[in-house]
Amino acid sequence: MTLTQMGSRKRTTGFRSRRRWELFGLLFPGLLGIFVGFVLPVFVMFRMSLNTHGTGGQLVESVSLGAYRAALTDPFYWEVIGNTLVLGLGCGAAATILSYPLALFLVRTTSKWKGVLIALAIAPLLTSAVARTYGWIAILGDQGVVNDSLMRIGVLDAPIQLSNNLLGTTIALVEILMPYAILAMISGFGRISPSLEEAAGSLGASKLKTFVRITLPLSLPGVFTGFLLVFVLAISSFVTPRLLGGGRVFILATEVYNEATQTLNWPLASALSVILLVVFGLMIAVYQRLIAKFEG
């Protein structure tokens, strides 16, 4: 190796080293924020779950799996986990199905009002979830708009139970979380090339066949992203299940609150939080597999 080649190699190595430090410097604030805002609290929460709940609500520092044993051997908490999954899957499926045509229309429209239409689609996010939940209480209550209207036209003789249960909570959360699904799918649908649909049409494919064979498969990554976002927000929601559920809808988020503030059983509350985090992780793993399958 000549001296010129050695000098060139050293300069290249030095440039790459500086480049790595520059990239690390740019990433450091974000990494620090993630560590302080997420990794450290999760570690503290996990450590708390290994403690013991003593008599009188006192916290006994130890290294025990008693909180996890209490959560996973009690049928009530299995019911809570089941309710959480049903709520998340139901909200995710309903919000995705209802948001799909809206998102596809907003992506494809060439109207000069496109920006306004997108703003209107996500405008509910400007209203507090608490206010919208109280609105759904008025709509779905025994004397609410739905029951009152159905009774006036003779469809019902007595009001049906649409609040203080999982059904009413799901209905409200679907409306509350739909803007998130629309935003996620709009960003995902932007990668669908209209030329592929035009090519299918020029080859004699009907609009329905073009949608089933071209548009829908290409839009699935965006659909999965919207579903995942709604699922995560639904299973971690607290305000709507607490208010609209009337204390009769038990999911992990509400039980974490109850154990931490009412029974003062912080280890059990932390264990339930870790279980909720595991549910997040499993759903993200499924999402990654699906994305890899459809984009591979």
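Conventions used here
Residues numbered from 1 in each chain as written. Predicted model: local features only at pLDDT ≥ 70, side-chain atom pairs only at ≥ 80, totals over all residues. Heavy atoms only, no water. Core = buried A, V, L, I, M, F, W, Y, C linked by side-chain atoms within 4.5 Å. Buried < 20%, exposed > 50% of the residue type's maximum accessible area, 1.4 Å probe, protein only. Helix = DSSP H or I, 4+ residues; strand = E, 2+ residues; numbered from the N terminus. Contact = heavy atoms within 4.5 Å. UniProt positions renumbered as here; feature names shortened; annotations may be inferred. Expected span 1.5 Å × (residues − 1). Bend = angle between axes of the 7 residues up to and from the residue. Polar contact = N/O pair within 3.5 Å; in protein donor to acceptor, adjacent residues only side chain to side chain. Phe/Tyr/Trp six-rings, centres within 6.5 Å; stacked < 30°, edge-to-face > 60°. Axes fitted to C-alpha atoms, helices over the stretch in contact; angles between N-to-C directions. Parallel < 35°, antiparallel > 145°, perpendicular 65-115°, else oblique. Nonpolar A, V, L, I, M, F, W, Y, C, P; charged D, E, K, R; others polar.

Engineer: Just checking my understanding: could you explain the nonpolar core for this structure?
Structural biologist: For soluble globular proteins, nonpolar side chains are generally found buried alongside one another. One finds Cys91, Tyr100, Leu177, Met185, Ile186, Phe189 and Val230 to be the most contacted residues of the largest nonpolar core, which totals 25 residues. Per-element accounting of this core gives the leading share, 10 residues, to helix 7 (residues 166–189). Among residues more than four places away in sequence, those in contact with Val230 are Cys91, Gly92, Ala95, Leu177 and Ala181. Ranked by size, the runner-up nonpolar core spans 21 residues in total, among them Leu228, Ile235, Leu268 and Ala269.

Engineer: Explain the UniProt feature "domain: ABC transmembrane type-1" (unreviewed entry) in the protein here, please?
Structural biologist: Under the UniProt annotation, the feature "domain: ABC transmembrane type-1" (unreviewed entry) is placed at residues 81–287. End C-alpha to end C-alpha, residues 81–287 measures 20 Å, and it is 76% helix and 0% strand.

Engineer: Could you clarify how one ought to interpret the UniProt feature "transmembrane region" (unreviewed entry) in the protein in this entry?
Structural biologist: What UniProt calls "transmembrane region" (unreviewed entry) maps, in this numbering, to residues 21–46, 85–107, 116–139, 166–190, 211–235 and 266–287. Split by type, residues 116–139 is 75% helix and 0% strand. Its first and last C-alpha atoms lie 28 Å apart. When the span residues 266–287 is considered, its composition is 100% helix and 0% strand, and the gap between its end C-alpha atoms is 31 Å.

Engineer: Help me out: how do you make sense of helix 3 (residues 75–108) in this one?
Structural biologist: Between its terminal C-alpha atoms helix 3 stretches 49 Å, which fits the 50 Å expected from 34 residues at 1.5 Å a residue. Of all the bends in helix 3, the largest measures some 35° and sits at Ser99, one to four residues before the proline Pro101. One side-chain oxygen at the N-terminal end of helix 3 lies 2.9 Å from the backbone nitrogen of Phe76; it belongs to Asp74.

Engineer: For this particular structure, what's the right way to read the packing of aromatic side chains?
Structural biologist: Remark: the centre distance and the inter-plane angle together describe each pair of aromatic rings, the angle taken between the planes. A full pass over the atoms with the stated rule returns five aromatic pairs. Pairing Tyr100 with Phe211 gives two aromatic rings, centres 6.0 Å apart and planes at 80°, and the pair type is edge-to-face. Remark: Phe211 occurs in helix 9 (residues 207–235) and Tyr100 occurs in helix 3; sequence separation between them is 111 residues. A residue is classified by how much of its surface remains accessible, and Phe211, at 29% relative accessible area, is partly exposed. An aromatic cluster is present here, built from Phe76, Tyr77 and Phe250 joined pairwise through their rings.

Engineer: Looking at this structure, I do not really get the side chain of Ser270. What am I missing?
Structural biologist: Structurally, Ser270 can be placed in helix 12 (residues 266–295). Leave out the neighbours within four places in its chain, and Ser270 touches Met45, Met48 and Ser49.

Engineer: What's the story with unusual backbone geometry in this structure? I'm lost.
Structural biologist: Residues apart from glycine generally show negative phi values, whereas peptide bonds are mostly found in trans. In this structure, Asn164 is a non-glycine residue whose phi angle is positive, near 60°. Considering the arrangement of structural elements, one finds Asn164 in the loop between helix 6 (145–152) and helix 7. One non-glycine residue, Leu264, lies in positive phi territory at about 60°. Secondary-structure assignment places Leu264 in the loop between helix 11 (252–261) and helix 12. Among the residues examined, Leu264 registers a relative accessible area of 41% and is labelled partly exposed.

Engineer: Even after reading the chapter, I still don't get the packing of helix 3 against helix 11, so can you show me in this structure?
Structural biologist: The relative placement of two packed helices is expressed as an angle between their axes plus a distance between the axes. Between helix 3 and helix 11, whose axes approach to 8 Å, the crossing angle comes to 135°. The angle between helix 3 and helix 11 places the two elements in the oblique class. For the pair helix 3 and helix 11, contact is made by Phe76, Tyr77, Val80, Ile81 and Thr84 and by Leu252, Glu255 and Glu259, respectively. Classifying every residue of the contact of helix 3 with helix 11 gives five nonpolar, one polar and two charged.

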